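Each chain is listed here by its residues.
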Amino acid sequence: MLRVLSRILITCLALAGLATAAYTLWTPGAREVRGIHDLGANGMWLSHGWIGDDGWFSKYRKKAALYRDPERIQELAVKLQKYHIRDVYPHLCPTEPDGTIPPVDEAQTELLLDHFQGIRVMPWIGGILDTHCFLESPEWRDAFCRSAIALLKEHPRLAGLHVNIEPMPSGNRDFVLLLETLKKRMPPGKVLSIAAYPPTTWLQPVISLHWSEEYYRAISKPVDQMAVMTYDSAAPMPKIYEHLMAGWTREILSWAEDSDVLLGIPVYDDTGVLYHSPRVENIKTALSGIHAGLLSSERLPANYKGTAIYCEWEMDDWEWEYYREHFLSKSANLQ
């Protein structure tokens, strides 16, 4: 019996050793490709304070001076331009249950637009499905659209709108109706952008956080841009996430049809959450997977435009430097 148990143990250890060696040698990502995938049209999600009204500061005990100071606004604008961030989505959530989006500070919004020359500002609107957003209600959809269009008319220099409603189950027809209505009502030339979900994966237990190919193709018709939240995958190890990201990159660009695509990069820390580990999902592994996915094609797909970083308030100096070294084109003006 002892000899049998010893053989079983040795076999298990050998298999474990082989698995470890295989994982060590496996290289699903690609890192040393600086510059070839940077088209100078990347995106970033910004904090509420950059355009939000005073109610947000008092509710969350934030210091208005951190956002209202013209020098701070100019510093952010310079950094965004240096790192080739063209599209920004300042937070303007959650929507009121009646469909009204939160108010902006009028003077602050215009001040930000003064400084953000060459940067497309698209307020990030939406909220939690069935808590703030009631898509099945025609009245709610109408109120949401009217409120959002009013914001664009009040501040015509805004480039468009960025819609993010979570969770969003694949196949939700009411969301498509909302986007179709919103796009029809938007002034000519304005961009309708959304925070899209990645394709399905067996790793993720929350199926409402992923979209099918059919739903991607349906969503792509009314929208101009998809900034895809290619994270929250529940991947247990970095290389598995890199492999998943490479596959997602290929699928998304194939399914999004004529909609412009920005691939999401996570730089946030949601410690203790089942579906996100910052050790696994981070700027290094995300870029590695994106590069690998893009390199699998002979040429860049026409709808690929770059990356979208989530989020500005979590980005540190090391991450900015890594982004420069492993993604930005060599022509980036970072002196």
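Use the structure listed above.
Please read all numbers here as calculations on a predicted model, not as lab measurements.

### Some points on the packing of aromatic side chains
- Within the structure shown, the criterion is met by 22 aromatic pairs.
- Ring geometry for Trp140 and Phe144: centres 5.0 Å apart, planes at 15°, overall stacked. On the criterion of helical spacing, the pair formed by Trp140 and Phe144 is a turn pair, its members being 4 residues apart in helix α6 (residues 138–154). An identical accessibility class is assigned to Trp140 and Phe144; each is buried.
- An aromatic cluster is defined as three or more aromatic residues linked by ring pairs; in this entry it consists of Trp45, Tyr89, Trp124, Tyr231, Tyr268, Tyr310 and Trp313.

### Digging into the side chain of His162
- One can find His162 in strand β5 (residues 160–166).
- What makes His162 buried here is its relative accessible area of 0%.
- In this structure the side chain of His162 is engaged in a polar contact, spanning 3.0 Å, whose partner is the side chain of Trp45.
- Not counting residues up to four positions away in its chain, the partners in contact with His162 are Trp45, Tyr89, Met122, Pro123, Trp124, Ile125, Ser193, Ile194, Ala195 and Ala227.

### Some details on the pairing of strand β4 (residues 124–128)
- The buried fraction of β4 is high, at 4 of 5 residues.
- Pairing of β4 with β5, which is carried by 5 bridges, proceeds in the parallel orientation. If you follow Trp124 over to β5, its bridge partner there is His162.
- Of the crossover connections in this fold, the one passing from β4 over α6 to the parallel β5 is right-handed.

### Side note on α6
- Under the 1.5 Å per step criterion, the end-to-end length of α6 is 24 Å for 17 residues, consistent within 8% with the ideal 24 Å.
- In this structure, the buried side of α6 is in contact with β4, β5 and α7 (173–185).

### A closer look at the layout of surface pockets
- The volume enclosed by the largest pocket comes to roughly 1200 Å³.
- Around the largest pocket sit 44 residues that line it, and His91, Trp124, Tyr310, Cys311 and Trp313 are the ones nearest its centre.
- Secondary structure elements with two or more residues in the lining of the largest pocket: α3 (65–68), α4 (70–82), β4, β5 and α11 (317–326).
- Ranked by residue count, the leading element in the lining of the largest pocket is α4, at 4 residues.
- Broken down by class, the residue content of the lining of the largest pocket amounts to 24 nonpolar, 6 polar and 14 charged.
- The space that makes up the second largest pocket amounts to roughly 290 Å³.
- What lines the second largest pocket is a set of 13 residues, and nearest its centre among them are His48, Trp56, Tyr60, Cys93 and Pro94.
- Classifying every residue of the lining of the second largest pocket by side-chain character gives 7 nonpolar, 3 polar and 3 charged.

### Digging into the environment of Lys183
- The residue Lys183 is located in helix α7 in this model.
- As a C-alpha pair, Lys183 and Cys145 span 38 residues in sequence and 9.1 Å in three-dimensional space.
- Residues in contact with Lys183, not counting those within four places in the same chain, are Lys190, Leu192, Pro222 and Asp224.

### Focus: the pattern of salt bridges
- Tallied over the entire structure, the rule returns 16 salt bridges.
- Linking Arg324 and Glu325 is a salt bridge whose minimum nitrogen-to-oxygen distance equals 2.4 Å.
- Residue classification places Glu325 among the partly exposed residues on the basis of a relative accessible area of 33%.
- Shared partners join several salt bridges into a network, and the residues in it are Glu213, Arg217, Lys221 and Glu257.

### Thoughts on unusual backbone geometry
- Looking along the chain, the bond that leaves Cys93 and enters Pro94 is cis, with omega of -5°.
- By secondary structure assignment, the location of Pro94 is in the loop between β2 (85–90) and α5 (106–115).
- Of the consecutive residues Tyr310 and Cys311, the connecting peptide bond is found in the cis state with omega at 15°.
- Mapped onto the elements of the fold, Cys311 is located in the loop between β9 (304–310) and α11.
- Although it is not a glycine, Arg61 sits at a positive phi angle of roughly 55°.
- By secondary structure assignment, the location of Arg61 is in the loop between α2 (54–60) and α3.

### Describing the pairing of strand β1 (residues 42–46)
- A large share of β1 lies buried, amounting to 5 of its 5 residues.
- Alternating positions in β1 separate into two faces, Asn42, Met44 and Leu46 on one and Gly43 and Trp45 on the other, with burial throughout.
- Note: β1 against β2, 5 bridges, orientation parallel. The residue of β2 that forms the bridge with Leu46 is Pro90.
- Pairing between β1 and β9: 2 bridges, direction parallel. The residue bridging Gly43 from the neighbouring strand is Ala308, located in β9.

About the cut-offs
Residues numbered from 1 in each chain as written. Predicted model: local features only at pLDDT ≥ 70, side-chain atom pairs only at ≥ 80, totals over all residues. Heavy atoms only, no water. Phe/Tyr/Trp six-rings, centres within 6.5 Å; stacked < 30°, edge-to-face > 60°. Helix = DSSP H or I, 4+ residues; strand = E, 2+ residues; numbered from the N terminus. Buried < 20%, exposed > 50% of the residue type's maximum accessible area, 1.4 Å probe, protein only. Polar contact = N/O pair within 3.5 Å; in protein donor to acceptor, adjacent residues only side chain to side chain. Contact = heavy atoms within 4.5 Å. Pairing = 2+ DSSP bridges. Right-handed = clockwise from strand over helix to strand, strands pointing away. Expected span 1.5 Å × (residues − 1). 1 Å grid on protein atoms, 1.4 Å probe; cavity = no way out; pocket = protein on both sides within 12 Å on 5 of 7 lines; lining within 4 Å. Points joined across faces, edges and corners; volume = space filled by probe spheres on them. Nonpolar A, V, L, I, M, F, W, Y, C, P; charged D, E, K, R; others polar. Salt bridge = Lys/Arg side-chain N within 4 Å of Asp/Glu carboxyl O.

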